[in-house]
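# Chains, contacts and geometry: an overview
Letter by letter, the chains look like this.
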Amino acid sequence: MDIEECMKEWQDLLTDYKRLETINKDYATKLEEVGELQAACVKELNHQRYRMSVINGALKRLEKKGLTKDERVANLEKEIMKRKAMLHEIEATLPKQNSLYLRIILGNVNVSILNKNDKFKYKDEYEKFKLILSAIAFVLAVANLYINFRPLQLILIFLLVWYYCTLTIRESILKVNGSRIKGWWRMHHFISTVVAGILLIWPQNTPWNEFRHTFMWFIAYISVVQYMQFRYQSGVLYRLKALGARHNMDITIEGFHSWMWRGLSYLLPFLFGGYIFQLYIAYTLYHISYHPEATWQVSYLAVLFLILHSCNMYTILQVLKKKGKSGLKLRYRLRAIAYRLSNEIAVLVCLDCLHKLHRTWSLKQLVPKT
Ligand code: COA
């Protein structure tokens, strides 16, 4: 290019820059509008929740007065349940404040994922992360069963500290983004981090050598259970997404329900096996705590394993009880609908982009570059 051509190119670029400026201005205005719309949505959401709580209160008072439940009351209760689930889905499209734990770790950075498909990807990645780390833990645990080498033991235990710590952060992000993960499963990972931390500072003495093998077997066992959980959870995730893409959902939701129970009946015996193993570990540690060389770590770990066993048992029974109730199918149906809605919105956005591209392209044809 000679200087003449450079000048011409620069002039040409100026027109393009003007266009960029206009688009950016448009973008900034739209961002402002989005902020206003989000605030309006939050206000309406709170309004819905407040009025629903008033109606709920009135229904409860009527029930207390001994009025018999007629068809209208039953219908209203069903509608309220449906609306609650829909409000949950709407809330998931709005940015949320970080929890205290996330604020401490990450600061005030916003971790809200507003698109359902991106949420799906994040959850999928979380499940894959757990799977890969469990596979590594399995290999290390088996290696530790055959080789008595302290650094190898420390590598596994340190990996566990890091793994559980990372899980607590990822799960807090999932929670901010509308996941219904039970508080206990998150708490379980906090306690597991503490357990791994205590194991890390347990001195290498006779009690440790007595316990080492049991612990390695346990890690190998829960790694296998983790693989089974991965199969179940990713099955749920992909099936719900696929269900959302179908329009005749009522028949397929039945299929999903029976698939879920089949998946659970396959997984549950192994989960209960894990909980019995935790009880066995608590007992073994209690026994070892009477050893003359036993340090404080032994009894603390015994208590923590007992807590893990009892709370796991309690929570899983609660989950099963809840799954047996009638509202479950409706909940899964709504989750599938949420996927469909987000897909439809994504298609609309794409169409809009294509339309804009087409318009820009047509303009370029009309006003050819000189
Ligand atoms: N870890 C992380 N997330 C979990 C979870 C767990 N243990 N259990 C459930 N969730 C999530 C689900 O993925 C779902 O997320 P979403 O709202 O983002 O879609 C939400 O919590 C609600 O799940 P729910 O419908 O109540 O249960 P489910 O059918 O997904 O899973 C179990 C039920 C029993 C299979 C599952 O809770 C589980 O595997 N629990 C055992 C965990 C355990 O004991 N681990 C230690 C092994 S020794």
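## Thoughts on the packing of helix H6 (residues 183-200) against helix H9 (residues 296-323)
As a packed pair, H6 and H9 sit with axes 10 Å apart at the nearest point and diverge in direction by 165°. By the angle between their axes, H6 is roughly antiparallel relative to H9. Crossing of H6 against H9: the hand is left-handed. Contact with H6, carried on its side by Trp-184, Trp-185, His-188, Ile-191, Val-194, Val-195, Ile-198 and Leu-199, involves Trp-296, Gln-297, Tyr-300, Leu-301, Leu-304, Phe-305, Ile-307, Leu-308, Cys-311, Asn-312, Thr-315 and Ile-316 of H9 and no other residues of that element. Residues of the contact of H6 with H9, tallied by class, amount to 16 nonpolar, four polar and no charged.

## Some thoughts on the nonpolar core
Leu-199, Phe-211, Phe-215 and Leu-285 are the most contacted members of the largest nonpolar core, which totals 48 residues. Looking at this core, the elements that each hand over two or more residues are helix H4 (116-146), helix H5 (150-176), H6, helix H7 (206-245), helix H8 (249-288) and H9. When residues of this core are assigned to their parent elements, the largest contribution, 12 residues, is made by H5. Other than its neighbours up to four places away in sequence, Phe-211 contacts Leu-199, Trp-202, Ile-281, Leu-285 and Ile-288. One finds Tyr-232, Phe-256, Leu-264 and Ile-316 within the second-largest nonpolar core, a separate group that totals 15 residues.

## Things to note about H5
Across its 27 residues, H5 extends 40 Å between first and last C-alpha, which sits within 8% of the 39 Å expected from 1.5 Å per residue. Among the 27 residues that make up H5, 19 are buried, leaving the element largely enclosed by the rest of the structure. Just downstream of H5 lies Gly-178, where phi reads positive at about 90°.

## Here's the deal with a negative patch on the surface
On the surface, a cluster of negative charge is made up of Asp-2, Glu-4, Glu-5 and Glu-9. Secondary-structure assignment places Glu-5 in helix H1 (residues 3-64). A residue is classified by how much of its surface remains accessible, and Glu-5, at 42% relative accessible area, is partly exposed.

## Remarks on the confidence of the model for the protein chain
For the protein chain, the average pLDDT comes to 86, and 84% of its residues sit at 70 or higher. Predicted confidence is poor over residues 345-370, with pLDDT under 50, and the contacts of this stretch with residues over four places away or in other chains come to three contacts.

## Regarding a nonpolar patch on the surface
On the surface, Leu-100, Ile-104, Ile-105, Leu-106 and Val-109 cluster together into a nonpolar patch covering about 460 Å² of accessible area. Mapping Leu-106 onto the fold places it in helix H3 (residues 100-106).

## With respect to the side chain of Thr-168
Here Thr-168 lies in helix H5. A distance of 2.5 Å separates the side chain of Thr-168 from the backbone oxygen of Cys-165, its partner in a polar contact. Excluding residues within four positions of it along the chain, Thr-168 makes contact with Tyr-101, His-189, Phe-190 and Thr-193.

## As for the pattern of salt bridges
All told, the structure shown has five salt bridges when counted by the stated rule. Between Arg-19 and Asp-16 there is a salt bridge, with its nearest N and O atoms 3.5 Å apart. In this pair, Arg-19 and Asp-16 both sit in helix H1, three residues apart, roughly one turn of the helix. A relative accessible area of 38% means that Arg-19 is categorised as partly exposed.

## Details of the environment of Leu-140
Looking at the secondary structure, you find Leu-140 in helix H4. For Leu-140, a relative accessible area of 14% translates into the label buried. Expressed as a C-alpha distance, the spacing of Leu-140 and Leu-156, which sit 16 residues apart in the sequence, is 6.2 Å. The contact partners of Leu-140, leaving out residues within four places of it in the chain, are Leu-152, Ile-155, Leu-156 and Leu-159.

Conventions and cut-offs
- Residues numbered from 1 in each chain as written.
- Predicted model: local features only at pLDDT ≥ 70, side-chain atom pairs only at ≥ 80, totals over all residues.
- Heavy atoms only, no water.
- Axes fitted to C-alpha atoms, helices over the stretch in contact; angles between N-to-C directions.
- Helix = DSSP H or I, 4+ residues; strand = E, 2+ residues; numbered from the N terminus.
- Parallel < 35°, antiparallel > 145°, perpendicular 65-115°, else oblique.
- Left-handed = near helix turned anticlockwise from the far one by under 90°.
- Contact = heavy atoms within 4.5 Å.
- Nonpolar A, V, L, I, M, F, W, Y, C, P; charged D, E, K, R; others polar.
- Core = buried A, V, L, I, M, F, W, Y, C linked by side-chain atoms within 4.5 Å.
- Buried < 20%, exposed > 50% of the residue type's maximum accessible area, 1.4 Å probe, protein only.
- Expected span 1.5 Å × (residues − 1).
- Patch = residues over 30% accessible without salt bridge, like charges linked within 9 Å, V, L, I, M, F, W, Y side chains within 5 Å.
- Areas by Shrake-Rupley, 256 points an atom, 1.4 Å probe, with all protein chains shown as cover.
- Salt bridge = Lys/Arg side-chain N within 4 Å of Asp/Glu carboxyl O.
- Lys, Arg positive; Asp, Glu negative; His and termini not counted.
- Charge placed at Lys NZ, Arg CZ, Asp CG, Glu CD.
- pLDDT = per-residue confidence, 0-100.
- Polar contact = N/O pair within 3.5 Å; in protein donor to acceptor, adjacent residues only side chain to side chain.

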